[in-house]
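Chain by chain, the residues:
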Amino acid sequence: MTINNSFAQTLRSIFTDGGVLLFCVVVPLVYPVLYAFIYNGEAVREVPVVVVDDSHSRLSREYLRRLDATPDVRIAGHATTLEEAQEGVKSRDAYGVVYIPSDFQQSLMTGRQTRVQLYCDMSGMLYYKALLTANTDVSLSMNAEIKVGDMGANPIAAASGIHGGTPEQKATLQHPVRYEWVALYNATGGFASFLIPAVLVIAIQQTMLLGIGLITGTRRERGEKAPSQWSSFQTLTGIALAFIAFYIPISCYVLGVVPEMFNLPHIGNPWEIGCLLLPFLVAVFNLGVTIGVVPHKRETVFLIVVFTSVPLLFLSGVSWPGSAFPSFWHYFSQIFPSTHGANAYIKLNTMGAHLRDIRYEYFALWAQAIVYGITAWLCVRYVYKAKEPATRPEQQ
Amino acid sequence: MIEVFLRELRRIATTPVYWLSLVVAPFFCVVLFTTLMDSGLPSDLPVGMVDMDGTSTTRNLVRNLDAFQNCRIVERYASMQEARKAVQRGDIYAFYYIPEGTTQKLMGQDSPIVSFYTNHQFLVAASLTYKDMRMMSELTAGAATRSVMRGKGVDDGRTMAMLQPIVIDCHPIGNPSLNYSVYLSNVLLPGVFAIFFLFMTVWSIGIEIKENTSDELLACATRRGTPGATAVSLRALFGKLAAQGLLMQLAGWTLVLYLYGYLKYPCLCGIPTMLGIMTLFVLACQGLGAFMICTLPGLRLGLSFASLWGVLSFSICGMSFPVMAMPAWVQGIATLFPLRHYYLLYVNCALDGWPLSAAWPYVLALAGFALLPLLYARKFGRIMQQTAYVA
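Quick caveat, the model's predicted, so the values are computed rather than measured.

Engineer: Account for the interface of chain B and chain A, with residues named and values stated.
Structural biologist: At the junction of the two partners, chain B supplies 115 residues and chain A supplies 116 residues. Both faces combined, the contact of chain B with chain A buries some 10500 Å², and carbon together with sulfur accounts for 69% of it. Put simply, Arg115(A) and Asp169(B) hold a salt bridge, and the shortest N to O gap is 2.9 Å. Our count for the contact surface shared by chain B and chain A stands at 34 residue pairs in polar contact (both at pLDDT 80 or more). Broken down by element, the side of chain B that touches chain A gets its largest block of residues, 14 residues, from helix H6 (residues 123–151) of chain B. Here the side of chain B that touches chain A is composed, by residue class, of 78 nonpolar, 24 polar and 13 charged. When strand S5 (residues 178–184) of chain A meets strand S4 (residues 113–119) of chain B, the two strands line up parallel, connected through seven bridges. Residue pairing in the sheet places Leu184(A) in a bridge with Asn119(B) of S4(B).

Engineer: Run through the domain arrangement of chain B, naming residues and quoting values.
Structural biologist: Each assigned domain of chain B is listed here: domain 1 (2–38 + 179–386) and domain 2 (45–163). For domain 1 of chain B versus domain 2 of chain B, the distance between C-alpha centres works out to 50 Å.

Engineer: Give a description of the packing of aromatic side chains that names residues and reports values.
Structural biologist: Applying the stated rule across the entire model yields 36 aromatic pairs over all chains. With 6.3 Å between their ring centres and 20° between their planes, Tyr35(A) and Tyr39(A) make a pair best called stacked. Here the residue Tyr35(A) and the residue Tyr39(A) both occupy positions in helix H2 (residues 18–39), the gap between them amounting to four residues, near one helical turn. Tyr35(A) sits in the buried class, given a relative accessible area of 9%. Three or more aromatic residues joined by ring pairs form one cluster here, namely Tyr179(A), Trp181(A), Tyr96(B), Phe116(B) and Tyr130(B).

Engineer: Report on the confidence of the model for chain A, specifying residues and quantitative values.
Structural biologist: With 89% of its residues at a pLDDT of at least 70, chain A reaches an overall mean of 82. Counted against residues more than four places away or in other chains, residues 386–396 of chain A, with its pLDDT under 50, gives nine contacts.

Engineer: Hey, could you go over the packing of helix H8 (residues 180–210) of chain B against helix H14 (residues 338–351) of chain B for me, with residue numbers and the actual values?
Structural biologist: The geometry of a pair of packed helices is captured by two quantities: the angle between their axes and the separation between those axes. Residue and element names in this part refer to chain B. Their axes nearest at 10 Å, the elements H8 and H14 cross at an angle of 145°. In this structure, H8 meets H14 at a crossing whose hand is right-handed. In this structure, H8 contributes Val 182, Asn 186, Val 187, Pro 190 and Gly 191 to the contact, and H14 contributes Leu 339, Tyr 342, Tyr 343 and Tyr 346. Looking at side-chain class alone, the contact of H8 with H14 contains seven nonpolar, two polar and no charged residues.

Engineer: An account of the environment of Ala141(B) is requested, with residue identities and associated values reported.
Structural biologist: Structurally, the position occupied by Ala141(B) is in helix H6. Residues Ala141(B) and Phe199(B), 58 residues apart in the sequence, show an inter-C-alpha distance of 58 Å. Setting aside residues up to four positions removed in sequence, Ala141(B) forms contacts with Pro176(A) and Val177(A).

Engineer: Which residues make up the side chain of Arg92(A), and what are the values?
Structural biologist: Summarising the element assignment, Arg92(A) is placed in the loop between helix H4 (82–90) and strand S3 (96–100). Polar contacts involving the side chain of Arg92(A) include one to the side chain of Asp352(B), which spans 3.0 Å. Residues within four places of Arg92(A) in sequence aside, it is in contact with Asp121(A), Ser123(A), Leu344(B), Val347(B), Asp352(B), Trp354(B) and Tyr362(B).

Engineer: Quick one: what's the story with the sheet that holds strand S2 (residues 73–78) of chain A, residue by residue and with numbers?
Structural biologist: Reading across from one edge, S2(A)-S1(A)-S3(A)-S4(A)-S5(B) is the order of the five strands in this open sheet, with mixed pairing throughout. Looking at the sheet topology across the chains shown, the edges are occupied by S2 of chain A together with strand S5 (166–173) of chain B. Neighbouring strand axes in the sheet, compared pairwise and without regard to direction, differ in orientation by 25° on average. Strands strand S1 (47–53), S2, S3 and strand S4 (114–121) of chain A together with S5 of chain B of the sheet are contacted by helix H6 (residues 125–147) of chain A, whose axis makes an angle of about 170° with S5(B).

Engineer: Describe helix H15 (residues 337–350) of chain A, naming the residues involved and giving the relevant values.
Structural biologist: Residues and elements named next belong to chain A. Along its 14 residues, H15 runs 19 Å from first to last C-alpha, staying within 8% of the 20 Å computed at 1.5 Å per residue. Counting buried positions over the 14 residues of H15 gives 14, a clear majority of the element. Following H15 by one or two positions, Gly 352 adopts a phi angle in the positive range, close to 65°.

Engineer: Residues and numbers for the sheet that holds strand S1 (residues 45–51) of chain B, please.
Structural biologist: The strand order across the open sheet built from five strands is S5(A)-S4(B)-S3(B)-S1(B)-S2(B), with neighbouring strands paired in mixed fashion. Pairing within the sheet leaves two strands with one partner each, and these edge strands are S5 of chain A together with strand S2 (71–76) of chain B. Recorded for the sheet is a direction-independent mean angle of 25° between the axes of neighbouring strands.

Engineer: Can you break down the packing of H6(B) against helix H7 (residues 156–163) of chain B residue by residue, with the values?
Structural biologist: Residues and elements named next belong to chain B. It is at 10 Å that the axes of H6 and H7 come closest, and there the two elements cross at 135°. Regarding the angle of H6 to H7, the classification is oblique. The two elements H6 and H7 meet at a crossing, and its hand is right-handed. From H6, Gly 142, Thr 145, Arg 146, Met 149 and Arg 150 reach across to H7, where they touch Asp 156, Thr 159, Met 162 and Leu 163. For the contact of H6 with H7, the class distribution of residues is three nonpolar, three polar and three charged.

Rules used throughout
- Residues numbered from 1 in each chain as written.
- Chains lettered and ligands numbered in written order.
- Predicted model: local features only at pLDDT ≥ 70, side-chain atom pairs only at ≥ 80, totals over all residues.
- Heavy atoms only, no water.
- Contact = heavy atoms within 4.5 Å.
- Buried area = accessible area lost by both parts, 1.4 Å probe.
- Salt bridge = Lys/Arg side-chain N within 4 Å of Asp/Glu carboxyl O.
- Polar contact = N/O pair within 3.5 Å; in protein donor to acceptor, adjacent residues only side chain to side chain.
- Helix = DSSP H or I, 4+ residues; strand = E, 2+ residues; numbered from the N terminus.
- Nonpolar A, V, L, I, M, F, W, Y, C, P; charged D, E, K, R; others polar.
- Pairing = 2+ DSSP bridges.
- Domains from an automatic or database assignment.
- Phe/Tyr/Trp six-rings, centres within 6.5 Å; stacked < 30°, edge-to-face > 60°.
- Buried < 20%, exposed > 50% of the residue type's maximum accessible area, 1.4 Å probe, protein only.
- pLDDT = per-residue confidence, 0-100.
- Axes fitted to C-alpha atoms, helices over the stretch in contact; angles between N-to-C directions.
- Left-handed = near helix turned anticlockwise from the far one by under 90°.
- Expected span 1.5 Å × (residues − 1).
- Parallel < 35°, antiparallel > 145°, perpendicular 65-115°, else oblique.

Right, here's the structure in full:
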């Protein structure tokens with residue numbers, strides 16, 4: 001079979017196969033949008049807490065007022081005891097309890113430390129993060145003011161002669177060293193901006209693997225004649241070109257339009273992303289043909305491909321930092337195109353890196369394209385062929 | 001029914017696909033997740049340092065930062081540009097910047113400004129390095145105040161009270177060590193198992209349609225006595241589900257025993273309660289799977305449905321990104337995923353240690369999923385006979 005024939009035939013089978021269309025067109029079109037809707041809130045704001053204020057003082061009210069004013073936390077209710085507050089958490093009306101001790105103001109006024117107790121529900125790390133950040137911010141801002149006696153008579157401030165000092169003196173004492181924090185690339189710390197780029201790359205890989213698996217599975221089920229030795233390379237090239245051509249517009253939509261639609265950071269150069277896409281698609285295609293050897297039934301490919309999506313997301317090192325991987329899993333993660341594809345895409349598109357910054361991923365993808373290309377060709381040539389005698393009689 | 005049950009067991013034992021999806025693949029994931037996040041909390045994340053001042057005071061600061069648990073300074077950069085490029089390449093997750101003249105300003109009580117940059121594209125790494133770098137900055141400011149106060153003759157104890165009058169004592173309920181594996185594996189793994197439970201249920205029914213063995217199945221269900229059409233339907237459906245259910249329960253229980261018995265993840269309600277919740281969860285997955293294949297009686301369509309549902313449940317169950325921050329319509333859809341209810345039950349019982357009665361709506365929801373196949377109990381026989389496999 002010539003390259004042309006094989007190209008045309010593959011495109012035909014893609015467009016006439018409902019299952020392939022579902023996974024290679026509908027899923028890449030709809031799933032990213034769905035994910036974007038799920039995560040587009042970006043951050044958890046106004047996490048409800050119950051407060052137990054045993055102090056009932058001016059300063060404790062000030063603390064709670066500032067806490068309620070933070071974007072992260074909302075005071076959902078007041079309770080008189082910790083047990084009562086716990087009921088609120090139990091019914092999921094609140095995700096934490098803030099307890100202010102009875103000697104809160106007294107301690108602060110007499111120059112002793114006081115401890116605010118914060119109980120966090122740990123069902124989600126984001127609740128914990130929001131509660132801890134908001135309380136830390138409030139305590140630090142009040143601490144700075146207490147230091148210079150702005151919160152009322154403070155014996156220490158008075159003793160050190162700062163109380164009633166000039167504004168400049170006060171400012172220096174409040175912040176002898178100032179610090180600034182800059183969040184790079186994902187300035188709001190948004191969850192969608194963090195997770196979705198990796199999900200997009202994995203979605204391209206997984207749907208393409210499913211598509212290839214469905215097509216090779218169908219061919220094997222029908223007991224289609226394996227290509228003869230000479231033409232197997234040409235056939236394979238034709239199929240590859242068809243799949244890659246088919247996936248170029250889909251990838252443009254997934255990697256280019258979706259971030260635009262949902263305002264995810266997208267500062268990459270489209271041509272550089274295009275350059276990355278080429279080895280990625282080739283590597284995924286070759287991997288797809290290689291694992292297409294396993295299933296004898298059309299549907300088995302679901303079992304193999306679908307469940308790996310979540311492990312692959314973790315292995316990409318985006319959610320769980322790659323530097324904390326045990327070395328075995330680090331090396332294991334390197335064999336999947338999605339690991340390099342996701343990291344390179346994030347660097348290009350979210351972090352504005354250039355091709356020279358993603359040399360490692362880029363060459364790794366080409367290396368995979370070549371290695372999986374060889375395995376794919378061997379599979380087409382030997383494995384598919386070996387099945388020939390077994391499938392032929394069925395056909396007759 | 002016993003004939004169908006035995007026939008199904010024989011089929012499972014002799015088909016590699018079932019072994020793959022009940023034993024090999026799920027337990028591969030168990031090993032992957034629990035060993036990948038073995039450390040619980042990532043430590044020694046690579047960070048950079050740009051020290052333009054280069055005095056003994058700033059070097060001291062650098063050493064202190066290196067001593068923090070989450071950060072490890074892997075590289076010093078000569079300029080901000082270089083450090084930023086290193087972040088872009090992914091060599092470091094964050095860097096700390098000390099401008100020239102910091103020490104001099106500090107000595108002259110002129111409030112120098114230091115800064116730190118964290119790559120929030122990697123959210124987990126960024127939060128941890130941010131925490132350390134902020135703490136470091138506060139401590140530096142504190143040390144400066146202390147030396148001023150010493151000069152004024154105030155003793156250290158009183159200075160400490162002045163530096164940090166209000167202290168926050170944080171108590172993370174149920175997961176005091178902030179173990180990420182506890183937070184993630186406890187829900188991700190049941191989610192992976194759920195995908196396979198859905199697959200297996202859909203597969204086992206769909207394959208009978210595809211391979212035209214449904215007559216054999218119905219004949220098997222008719223073997224004893226002279227049952228009516230409904231009875232045959234019931235026997236065929238529940239005989240199949242019971243056989244698979246038994247094996248799925250074994251897989252589910254193994255997971256629970258591994259997580260709470262062997263790894264000793266927090267389980268305040270005790271292992272038996274979690275076993276019970278898992279049992280209910282498995283039944284819910286089976287119910288949903290049977291519902292899927294009966295609604296879309298074709299192996300391919302059924303599996304597609306199960307795949308899309310199963311993969312979405314990880315995101316929509318609210319374990320990583322809370323449901324309360326999702327749009328209202330997504331919040332409504334979230335209740336249609338068994339994993340969501342399992343997650344809430346797990347939090348209620350194992351993590352928070354509250355009685356099951358505090359979470360009864362989720363128990364009811366899972367029971368509802370488990371009862372779904374009853375909708376098709378009468379029609380099952382007809383579905384099996386009438387649907388021809390469409391390739």
